[in-house]
Amino acid sequence: MKTRSLIFLALLSGPVAYGQGVASEVKAILDHSLQSRQVVTFQLQEYLLQQAPKLPVPTSPGQWTAQAEKIRSHVLDDVVLRGWPKEWVNAAPKFEDLGPIPSGEGYQRRKLRYEIVPGFYSTAVLYEPAHLEDRVPAVLNLMGHFEPVGKAMEFQQKLCINLALHGMIALNLEWIGMGELYREENTHWYGGDLDLVGTNGAGLFYLAMRRGIDFLAANPHVDPKRLGVTGLSGGGWQTITLSSLDKRVYASIPVAGYTSLTGRVGRMPLAEGEPGDLEQNATDFLDGQDYSTLTAMRAPLPTLLIYNAEDDCCFPAPLVKPYVFDAITPFYTLYDRPDALQFHENTDPSTHNYELDNRQQTYRFFAKWFGLPAAEYEIPVDDQVLSYSDLAAGVPQGNLTILGLARKMAGEISRSPMPSASAARADWAASERDKLKTVVRYHPVDVREAWAEGDTKRKGIESLWYRFELSNGLSATGIWIKSLAAPRDAPLTIVLDDKGKKDAANEEWDRMPWVANLVDRGQQVLVLDLLFTGEGAPDQPPHYFTQMLASTGQRPLGIEASQLTAIAHWANQRWRPRQRRLETAGLRSQLIALVAAGLEPALFSELDTHAGISSLSYLLDKPVTYQDAPDLFCLDLYKDFDIDRLAVIATPVKVVSSQTLKLTPE
């Protein structure tokens, strides 16, 4: 009896000891590095430069005016305001006058509150000349990223007071996420959540600033033919966007707010602020046109571009001038108005600023083009600068935020039910598959070359290490592992892990080492690092690149899915496995695999997801930040699909989920 017990224990302990040996060997294999992240960054830069829109070459003023109008309509209707309710877009401005603010001699200021969209309010300060008789010019002043002070910034108050003292009405809007709207859920990256539920995130920012022009144009004291816009940094971005898309804007002065995609991409490894924010790289915004195009669309209207020589944030004057000024002068020459486009390079203090030199350039430019008396210098108003609380107007309790608005819209999504009958469901799945291709902008690619970087064959295990060069110029890496005893046509499992292939060796499911267990069960395993994962991630934050890819009309999720299907096709030809499976760890890998399986279901027999999600609503409810999963915030993805629908579209692939992520109660 004792002998039988010892034999039983030996049999029981044998596989465990072997499994531990397999685990350590697999970990050592997956720990190899196959590609530098600097290489990935360079590939992404090259890829983005290929997508960069070219500046049109007009032949006559009439031809460019007509083309600019088409671009304007396209950007507004098909991009910026895509998905936004018409009744919100066309709503009349709703401003509340909350009373005067103590002011100095020669001007007066008032607190305002206004509605951007239903339930989402912002605030503003209106600066006016003390005695208004005839209609006067008006300037919309737009804030940049100045949290938490917002519109109470000293430079902004001095600018607006002086505009009023020089005979102009100045309206200073609070920007979403700044000042009185300084909330975590108003962080601009939550614009990706608006994309997810089917409304372009840039639309909210556009409506917020356009309300200001609506208000000024309707003001009985304003001359609607003499409207101007100006702003620094993010305010500069707003300025060029609004003044190129809204024809009511006559004079425009963007300050250190933008450059072209080409000028931006080339400097990314050096300049942290150069990639810009999500609203500056809004989905599809640079698909067919660029910021240089928007600048050209201003011709022949007065436009002063102000940049700082040694800007410590972004867009140094000497580096952006070729893209946004030199390239645009021919457009103004077409109209015989070269003097209407001007460029000022600030050297005092030369940093990211709207200080005295830049403000005085603004007074002179607006005075000249609005037909006002010359305004050469700033009137000292240091004693008129008020505190944040003095200018605060207050927003309603329960005021919506960017994330709150996205959640509200998500709750109103209504999708057609999935058919229950098998034949009808098959037709439905085929139709949905076509829609999915459009949503993720799926463009199949091929493995141009699978570079074998290394191998092992020891301790009963063999491995091959690959760097995959794809036909679109991007790349991925992978390591193939198999027991020497397993047949050549053993089932193949492709493994994706949100943390990368090196971490895949450490994952345990059901208390078993994940990859080692697959090898121990006699399967071939190909562990991949696709774009933006593990060694496939650039040496810059991935979200810098994903936003620019989406802005040029690409979808990171579609690019990743195309990499997966291309490598799966290659692996099928290379090893001819009798079964092809997918296993994933993490919500990003889950969605990549679901999309790939849905688009090419014949490639796989099974998809097993670990630590995934049961619904895309998890991204909103958690919330998952854009920076943590930038490829998932894909325009229309949640509006049109969810996890269950993607699983059905992937039929006949068997989709199995385990250890689904749960929301942690707050």
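Residues numbered from 1 in each chain as written. Predicted model: local features only at pLDDT ≥ 70, side-chain atom pairs only at ≥ 80, totals over all residues. Heavy atoms only, no water.

1. What to know about the state of the cysteines
If you walk through the whole model with that rule in mind, you get one disulfide. At a sulfur-sulfur separation of 2.4 Å, the disulfide partner of cysteine 313 is cysteine 314. Measuring the twist about the S-S bond at about 70°, one finds the cysteine 313-cysteine 314 disulfide to be right-handed. (Disulfide = S-S within 2.5 Å.)

2. Looking at empty space enclosed by the protein
Empty pockets left among the atoms are what a rolling probe the size of a water molecule brings to light. Enumeration according to the criterion identifies four cavities of 30 Å³ or more in this entry. The volume enclosed by the largest cavity comes to roughly 110 Å³. Taken together, 18 residues make up the lining of the largest cavity; nearest its centre are Thr283, Thr546, Ala550, Tyr626 and Phe633. Top element by residues in the lining of the largest cavity is helix H19 (residues 542–551). It accounts for three residues. The calculated volume of the second largest cavity comes to roughly 60 Å³. The wall of the second largest cavity is formed by His188, Gly191, Gly192, Asp195, Asn200, Gly201, Ala202, Phe205, Leu278, Glu279, Ala282 and Thr283. Secondary-structure elements contributing two or more residues to the lining of the second largest cavity are helix H6 (191–196) and helix H7 (202–218). Tallying contributions element by element places H6 first for the lining of the second largest cavity, with three residues. The class makeup of the residues in the lining of the second largest cavity is four nonpolar, six polar and two charged. (1 Å grid on protein atoms, 1.4 Å probe; cavity = no way out; pocket = protein on both sides within 12 Å on 5 of 7 lines; lining within 4 Å. Points joined across faces, edges and corners; volume = space filled by probe spheres on them. Helix = DSSP H or I, 4+ residues; strand = E, 2+ residues; numbered from the N terminus. Nonpolar A, V, L, I, M, F, W, Y, C, P; charged D, E, K, R; others polar.)

3. Quick notes on the pairing of strand E7 (residues 251–255)
Taken across its five residues, E7 has five buried, putting it largely inside the fold. In E7, alternate side chains face the same way, and those of Ala251, Ile253 and Val255 on one face and Ser252 and Pro254 on the other are all buried. Examined bridge by bridge, strand E6 (residues 222–232) and E7 share five bridges and lie parallel to one another. Residue pairing across strands places threonine 230 opposite isoleucine 253, the latter belonging to E7. (Buried < 20%, exposed > 50% of the residue type's maximum accessible area, 1.4 Å probe, protein only. Pairing = 2+ DSSP bridges.)

4. Brief notes about the confidence of the model for the chain
When pLDDT is averaged across the chain, the result is 94; 96% of the residues are at 70 or more. Of all the helices and strands in the chain, helix H1 (residues 2–30) carries the lowest mean pLDDT, 57, while E7 carries the highest, 99. Under a pLDDT of 50 for its full length, residues 1–18 has, in the predicted model, three contacts with residues more than four places off or in other chains. (pLDDT = per-residue confidence, 0-100. Contact = heavy atoms within 4.5 Å.)

5. A short note on the sheet that holds E7
With mixed pairing, the nine strands of this open sheet are ordered in space as E1-E2-E3-E5-E4-E6-E7-E8-E9. Either end of the sheet is taken by a strand with one partner, and the two such strands are strand E1 (95–101) and strand E9 (341–346). Direction aside, neighbouring strands of the sheet carry axes that sit 20° apart on average. Where strand E4 (residues 136–142) lies against E6, six bridges are found, and the strand directions are parallel. Note that in E6 the partner of valine 136 across the bridge is valine 222. Here helix H5 (residues 154–165) sits on the sheet and contacts strand E2 (107–117), strand E3 (120–129), E4, strand E5 (169–173) and E6; the angle it forms with E3, its principal contact strand, is near 45°. (Axes fitted to C-alpha atoms, helices over the stretch in contact; angles between N-to-C directions.)

6. Remarks on the sheet that holds strand E18 (residues 606–610)
Strands sit in the order E10-E11-E12-E16-E13-E17-E18-E19 across an open sheet of eight strands; the sheet is mixed. What marks the edges here is a single partner per strand, and that holds for strand E10 (447–458) and strand E19 (654–658). Taken over all neighbouring pairs, the strand axes of this sheet differ in orientation by 20° on average, direction set aside. With respect to the sheet, helix H21 (residues 587–599) is in contact with strand E13 (492–497), strand E17 (580–585), E18 and E19, its orientation differing from that of E17 by roughly 155°.

7. Overview of the side chain of threonine 584
Assignment of secondary structure puts threonine 584 in strand E17. Apart from the residues lying within four places of it in its own chain, the contact partners of threonine 584 are Leu496, Trp514, Ser589, Gln590, Ala593, Leu607, Asp608, Thr609 and His610.

8. Re helix H13 (residues 356–369)
In this model H13 runs 20 Å from its N-terminal to its C-terminal C-alpha over 14 residues, within 8% of the 20 Å that 1.5 Å per residue would give. Taken as a whole, H13 has its buried residues at Asn358, Arg359, Gln360, Gln361, Thr362, Tyr363, Phe365, Phe366, Ala367 and Trp369. Residues of H13 that are buried in the fold lie against E4, H5, E6, E7, strand E8 (303–308) and E9. Backbone geometry just after H13 places glycine 371 at a positive phi near 70°. (Expected span 1.5 Å × (residues − 1).)

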